[in-house]
Amino acid sequence: MTTADVGTQANPLRVAIVGSGPSGFYAADQLQREQKDGLYIEMDMFEKLPTPHGLVRAGVAPDHPKIKSVTRVYDRIAARPNFRFYGNVEFGKDLTHADLLLHYHQIIYAVGAQTDRKLGIPGEDLPGSHAATEFVAWYNGHPGYRDLQFDLSQERVAVIGNGNVAMDVARILARSYDELRVTDIADYALEALANSQVKEIYVLGRRGPVQAAFTNPEIKEFGEMEDADVIVTPAEVDLDPLSLDWLMQHNDRTAEGNVQILTTYAHHREACYECSRRIHMRFLVSPVEFLGEERVDAIKLVKNELYPRADGTLRPRPTDQYETLPVGLAFRSIGYQGVPLPGVPFDQRAGIIPNEEGRIFNLSTGEIVTGEYVVGWVKRGPSGVIGTNKPDAYETVNMMLQDLKLEHINQPVLPRREDLEGLVRVRKPNYISYEDWRTIDEIETTRGQAIGRPRVKFTRVSDVLDALAAYKGRKVEEISEEARLPVESFKETNVERALSAIEGIVGPDAANRFRLFLGKCTSLGIAPERAPRIEIPFRHHAQFRRNAYWPEGGRPHPIPVFYLGIDERRQGWPTFDVPLRLYYSHIVGLNGGRLQIMHDELAALGFASDGLEGEPSISLRSHCDADSLDALFAWIDKTVEFFVGTLRDE
């Protein structure tokens, strides 16, 4: 088919979406809306965690449940037949950039801004100094952060920054146990915060109240907590002439609302002397150094003043006034930034993937990268709320459709959905589908309802997989029982070691062909579900054949198993096992002459085997080159075709 055929029912436009946060789902939604006038689109979403929804799950504060209700929209998007979700599949590890180019016409990166910006001041790396992003991920149960430790025995804490994330951190630190226990906060975080000794929380902003990045509901919420007081110094909230002029000229309702609420706190709110915790809102101060020998003991602050720039904005600059703020714990929240993805252009300075309206371009040459696009924070920087990602994603999708009309798309070698499905099954057999996620969602919410909470999250990947396996009744012990083999006889496959060896000798194309072959076998039903990822040790082969494939009173199971692995007897060289004797003579019932022909064909190609009486293990030691592998794959294709025909006939 030609590029002009892409988007037809016979050759759908294949789109990969890397990342499952709001921007990724909004891009999927818009692509689904564009399926009209004969345009057919298939999209696959990849997420390194077993759970979808990005920062909606791992970033939105647990005491803001209404914001999380947006996931119902994402559920409807995922339920449509042209959408598939592959969770627990990490880009750059389980699937590479080259893999996606082999399978998709267009790729969207929706990975967000995954790390924090640093202050770049002395002492920043002392124990007790943390990124707010880490704390947020910790209390939200992100598997990658659940084992972090924060010293909540400290009584005085600084939160550096005055955006909504800083407000979330300060609010969670100040919430009472009764307020937190009715949320979906991670269990371990709930316990740690219940025992917290924090009493004073300082929210430090380098600019003034007018320039604060938090929203009206966020600052208003500080005054509504049951056991926390909010303290604002009048001198820091009373506006200077520059800020007053700016407000009058710009009619910014959010800024006006923030100033009004802060003024109420400073001048008209009675102190809550019985409150256990206090939040101090500070403005026009910047940290210049973390002080302490073995850990943070204090922060040195400089007083700032505002000055007008040529573009009309007000910016802070330091004065000669300093103060020392004693704190034992600090969280910096001065912005998120993206991280580079393997094989994808990246602007280190801006912390984003370089793009023009969503089209990725090469930073050094300025050339547009065909078929690759970006959405969300890694496209524009960490700005806006969840809903901001919707128009952002729509803009990118519009560029994608323009490029489709102009035939400026990637031309994948293997665009069929089943080819990708087979590859994923080989690389990550325990991937999570969206149906699996709905099961996990049901388990979490059921656990929560039993104790009066919205959900109790799984916070380890292994716990998610175990819960899913238990739900499906497919534990390893049960699979082993089916095969009548002891559990200890199973071992993890060394298929990836073999693929790495092949890739190192010949290159990624050959390794990918083996991956696709194993995946295709699985999708065609020519291999047991576990064949590409579990191998039976050599000493168990006979027992495996006798017990597992010779059911009592029945005939042999008509499914062959192919193994790709490392044969330690051949000094670690990759070996491809083709058990011809078992399948052709016993299962298919062919005579020895046909079996001999197969062996002769292999011998003609120069591949050694263990002979007719053994299982032919094709060692690639002397034949791991492009020509030999091409010949081997031609033989394999013919063999598989024969198998498929025979099995269908039976």
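Higher on the page you've got the structure.
Description of the structure in this document. Since this is a predicted model, take the numbers as computed values, not measurements. (Residues numbered from 1 in each chain as written. Predicted model: local features only at pLDDT ≥ 70, side-chain atom pairs only at ≥ 80, totals over all residues. Heavy atoms only, no water.)

Regarding the pairing of strand E2 (residues 41-47)
The line we're drawing: In this scheme, a residue with accessible area under 20% of its type's maximum is buried, one over 50% is exposed, and one in between is partly exposed, where area comes from a 1.4 Å probe on protein chains only. A run of H or I in DSSP becomes a helix once it reaches four residues, and a run of E becomes a strand once it reaches two; helices and strands are each numbered from the N terminus. By this definition, two strands are paired if DSSP reports at least two bridges between them. Clockwise travel from the first strand over the helix to the second, with the strands pointing away from the viewer, marks a crossover as right-handed.
Most of E2 sits inside the fold, with 6 of its 7 residues counted as buried. As paired elements, strand E1 (residues 13-18) and E2 share 6 bridges and run parallel to each other. Bridge assignment links leucine 13 to a residue of E2, and that residue is isoleucine 41. Handedness of the crossover joining E1 and E2 through helix H1 (residues 22-33) is recorded here as right-handed. The sheet contact formed by E2 and strand E3 (residues 83-87) spans 5 bridges and is parallel.

So, the sheet that holds strand E9 (residues 228-232)
Quick note on the threshold: Comment: axis = line fitted to C-alpha atoms, over the contacting stretch for helices; angle = value between 0 and 180 degrees taken between N-to-C directions. Contact criterion: two residues are considered in contact whenever any of their non-hydrogen atoms come within 4.5 Å of each other.
Read across the sheet, 6 strands follow the order E6-E14-E7-E8-E10-E9 without closing on themselves; strand pairing throughout is parallel. A single partner strand is all that each edge strand has here, and the edge strands are strand E6 (129-131) and E9. Each strand of the sheet is rotated relative to its neighbour by a mean of 20 degrees, with strand direction disregarded. Relative to strand E10 (residues 277-282), strand E8 (residues 200-204) is paired through 5 bridges, and the arrangement is parallel. Bridge pairing links tyrosine 202 to histidine 280 in E10. Its contacts with the sheet put helix H6 (residues 132-139) on E6 and strand E14 (329-332), and the angle it makes with E6 is roughly 70 degrees.

Description of the packing of aromatic side chains
Applied cut-off: Working definition: a ring pair exists when centres of Phe, Tyr or Trp rings (six-membered ring for Trp) sit within 6.5 Å. Plane angles under 30 degrees give stacked, over 60 give edge-to-face, the rest tilted.
In this structure the tally under the stated criterion is 16 aromatic pairs. Relative to tyrosine 431, the ring of tyrosine 86 has its centre 5.2 Å away and its plane inclined at 45 degrees; by these criteria the two rings are tilted. In this pair, tyrosine 86 sits in strand E3 while tyrosine 431 sits in the loop between helix H16 (417-427) and helix H17 (434-449), placing the two residues 345 residues apart along the sequence. Given the relative accessible area of 1%, tyrosine 86 is considered buried. Through successive ring pairs, a cluster of aromatic residues spans Phe25, Tyr26, Tyr74, Phe83, Phe85 and Tyr434.

Points about the sheet that holds strand E11 (residues 285-291)
Taken in spatial order, the 3 strands make up an open sheet running E11-E12-E13, and their pairing is antiparallel. Taken across any chain shown, the strands that pair with only one partner, and hence form the sheet edges, are E11 and strand E13 (314-326). Direction aside, neighbouring strands of the sheet carry axes that sit 25 degrees apart on average. As defined by bridge partners, strand E12 (residues 298-308) adjoins E13 across 10 bridges and the pair is classed as antiparallel. Each bridged residue has a counterpart across the sheet, and for glutamate 305 the counterpart in E13 is arginine 317. Set on the sheet, helix H12 (residues 241-250) makes contact with E12 and E13; between it and E12 the angle comes to about 55 degrees.

Remarks on the pattern of salt bridges
Definition in use: Take a side-chain nitrogen of Lys or Arg and a carboxyl oxygen of Asp or Glu: if they are within 4 Å of each other, that pair is a salt bridge.
For the structure on display, the rule yields 40 salt bridges. Salt-bridge contacts for arginine 416 lead to aspartate 419; the nearest nitrogen and oxygen are separated by 3.2 Å. By relative accessible area, which is 42% here, arginine 416 ends up partly exposed. Judged by relative accessible area, aspartate 419 falls into the buried class, the value being 9%. Of the charged contacts, one joins glutamate 444 and arginine 455 as a salt bridge, the two residues approaching to 2.6 Å between their closest N and O atoms. Taken together, the residues span a long stretch of sequence, with glutamate 444 in helix H17 and arginine 455 in the loop between H17 and helix H18 (461-472) at a distance of 11 residues.

Quick notes on the environment of glutamate 293
Following the sequence through the fold, glutamate 293 ends up in the loop between E11 and E12. Taking the relative accessible area as the measure of exposure, glutamate 293 reaches 75% and is therefore exposed. Each C-alpha atom, one on glutamate 293 and one on leucine 126, is 8.3 Å from the other, the two residues being 167 residues apart in sequence.

Thoughts on the nonpolar core
Among soluble globular proteins, nonpolar side chains are generally buried collectively. Put simply, the test is: Grouping buried Ala, Val, Leu, Ile, Met, Phe, Trp, Tyr and Cys residues that are joined through side-chain atoms within 4.5 Å yields what is termed a nonpolar core.
Judged by nonpolar contacts, the single largest core of 45 residues is most densely connected at Tyr139, Leu173, Ile219, Phe222, Leu262, Met281 and Phe331. The dominant element in this core, judged by the number of residues it contributes, is helix H7 (residues 164-174), at 7 residues. Residues in contact with tyrosine 139, not counting those within four places in the same chain, are Ala61, Pro62, Asp168, Val169, Ile172, Ile185, Ala186 and Ala189. If you look at the next biggest cluster of nonpolar residues, it comprises 42 residues, including Ile41, Ala110, Ile443 and Phe458.

Brief notes about H6
Extensive coverage of H6 is indicated by the burial of 7 of its 8 residues. Phi turns positive one or two residues past the end of H6, at glycine 141, with a value near 80 degrees.

Some words on the state of the cysteines
Rule in force here: Any two cysteine sulfur atoms within 2.5 Å of one another count as a disulfide.
Applying the stated criterion across every chain yields a total of 1 disulfide. The disulfide partner of cysteine 272 is cysteine 275, and the gap between their sulfur atoms is 2.0 Å. One quick way to see it: the torsion about the S-S bond of cysteine 272 and cysteine 275 is about 85 degrees, and its sign makes the bridge right-handed. Taken as a pair, cysteine 272 and cysteine 275 share a single burial class, namely buried.

Concerning H12
Rules: This arc is taken over the directions from the axis of the helix to the C-beta atoms. Pairs of N or O atoms within 3.5 Å make up the polar contacts considered here, provided that, within protein, one atom can donate a hydrogen while the other can accept it, and that residues adjacent in sequence are counted only when both atoms are side-chain atoms.
When we look at burial in H12, the residues that qualify are Ser243, Trp246 and Leu247. For H12, the arc enclosing every buried residue in end-on projection is 100 degrees, short of the 170-degree limit, so these residues lie on one face. For H12, the exposed residues set more than 90 degrees away from the buried face come down to Pro241, Met248 and Gln249. At its buried positions, H12 is contacted by helix H13 (253-267), E12 and E13. N-cap assignment for H12: the residue whose side-chain oxygen lies 3.1 Å from the backbone N of leucine 242 is aspartate 240. Remark: asparagine 251 follows H12 within two positions and exhibits a positive phi of approximately 50 degrees.

What is shown is where atoms sit, not what they do.
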